[in-house]
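What follows is each chain in one-letter form.
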Amino acid sequence: MASRRHTIADDLRSQITTGRIKPDERLPSEAQLAAHYTVSTPTLRNALALLQAEGLVEKIHGKGNYARQPLRRTTYTGGGRTPADRALPVTIRSTKLRARGHLTALLRVTAGSPLTEFLCLSHDGESPHSLARVYVPRDLAPPATPDTPPWPQEVATLLPKPLPDLAEVQEHIRVRLPTPGEAATLRISSTLAILAITRVATDKTGRVVEAALLTLPGDRAEALFTTHHTTTERRQEG
């Protein structure tokens, strides 16, 4: 049944992405689709669930399933590098605050230490696309938010003086459901999984110079990591 589920999802995906099924068009009822593909209703619903996770189909309670415009996908490549797609505009709001709670551990500072928070929200047309909260020690923060903001991972490049050489960038990635605040900001379902990335950059002295909390909805993001083996490592493996 798994292969049938994927076959149905592939067919509907092709119809949506090629325009045979228009954005915001209501799909036939689940009973009609199940009969068309000669499968059980549970199998049909499993196929639709795959498309719902991709953002291609939205199920509206009491109304049915609707096709949605394919969302622009962002590839997070890690290591502080920018996503593959840099075309999306980003708005940034900066706030001065004092380290409290989890921020003291995240930035390895004492409670009350001065920080600057950058709230970064990217947009795909009229819709929010991804969210990031970037924290920088106050003495490293720029005096004002620029008119043309960069991607959240590049906030450090705006600092008025060069950062110390980075010694380490540590990233922790997990999949979870969004908080109510994240769901409201990104206008996504509370049942849509997100990629939650915590990124901490330290200099050669061990000081944290930037900490970022990235929120990437699973229907429009993926993570890609590449490992390069040195010649010595290849010889050892051989």
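Residues numbered from 1 in each chain as written. Predicted model: local features only at pLDDT ≥ 70, side-chain atom pairs only at ≥ 80, totals over all residues. Heavy atoms only, no water.

Caption draft 1: Examining the pattern of salt bridges more closely. This model, assessed by the stated rule, comprises 10 salt bridges. Across the pair Asp-219 and Arg-220 runs a salt bridge, and its minimum N-O distance is 2.8 Å. For the pair formed by Asp-219 and Arg-220, the shared burial category is buried. In this structure, a network of salt bridges that share partners links the residues Asp-24, Glu-58 and Arg-68. (Salt bridge = Lys/Arg side-chain N within 4 Å of Asp/Glu carboxyl O. Buried < 20%, exposed > 50% of the residue type's maximum accessible area, 1.4 Å probe, protein only.)

Caption draft 2: The side chain of Glu-210, seen in detail. With respect to the secondary-structure elements, Glu-210 resides in strand S9 (residues 208-217). Taking the relative accessible area as the measure of exposure, Glu-210 reaches 1% and is therefore buried. A polar side-chain atom of Glu-210 sits 2.5 Å from a polar atom in the side chain of Arg-199. (Helix = DSSP H or I, 4+ residues; strand = E, 2+ residues; numbered from the N terminus. Polar contact = N/O pair within 3.5 Å; in protein donor to acceptor, adjacent residues only side chain to side chain.)

Caption draft 3: How the structure looks around the pairing of strand S1 (residues 57-60). Where S1 lies against strand S2 (residues 64-67), 4 bridges are found, and the strand directions are antiparallel. Along S2, the bridge assignment pairs Ile-60 with Gly-64. Hairpin connection of S1 to S2: 3 residues between the antiparallel strands, including Gly-62 at a positive phi of 85°. (Pairing = 2+ DSSP bridges.)

Caption draft 4: Looking closely at the confidence of the model for the chain. With 82% of its residues at a pLDDT of 70 or more, the chain has an overall mean of 82. Of all the helices and strands in the chain, helix H6 (residues 231-237) carries the lowest mean pLDDT, 57, while helix H4 (residues 102-107) carries the highest, 96. Taken as a whole, residues 81-85 scores under 50 in pLDDT and shows 12 contacts with residues more than four places along the chain or in a different chain. The low-confidence segment residues 148-154 (pLDDT under 50) makes 26 contacts with residues lying over four places distant or belonging to another chain. (pLDDT = per-residue confidence, 0-100. Contact = heavy atoms within 4.5 Å.)

Caption draft 5: Here's a closer look at the side chain of Arg-220. Checked against the element boundaries, Arg-220 lands in the loop between S9 and strand S10 (221-223). You can call Arg-220 buried: its relative accessible area is 7%. Within the local environment of Arg-220, its side chain forms a polar contact with the side chain of Asp-219, the two groups lying 2.8 Å apart.

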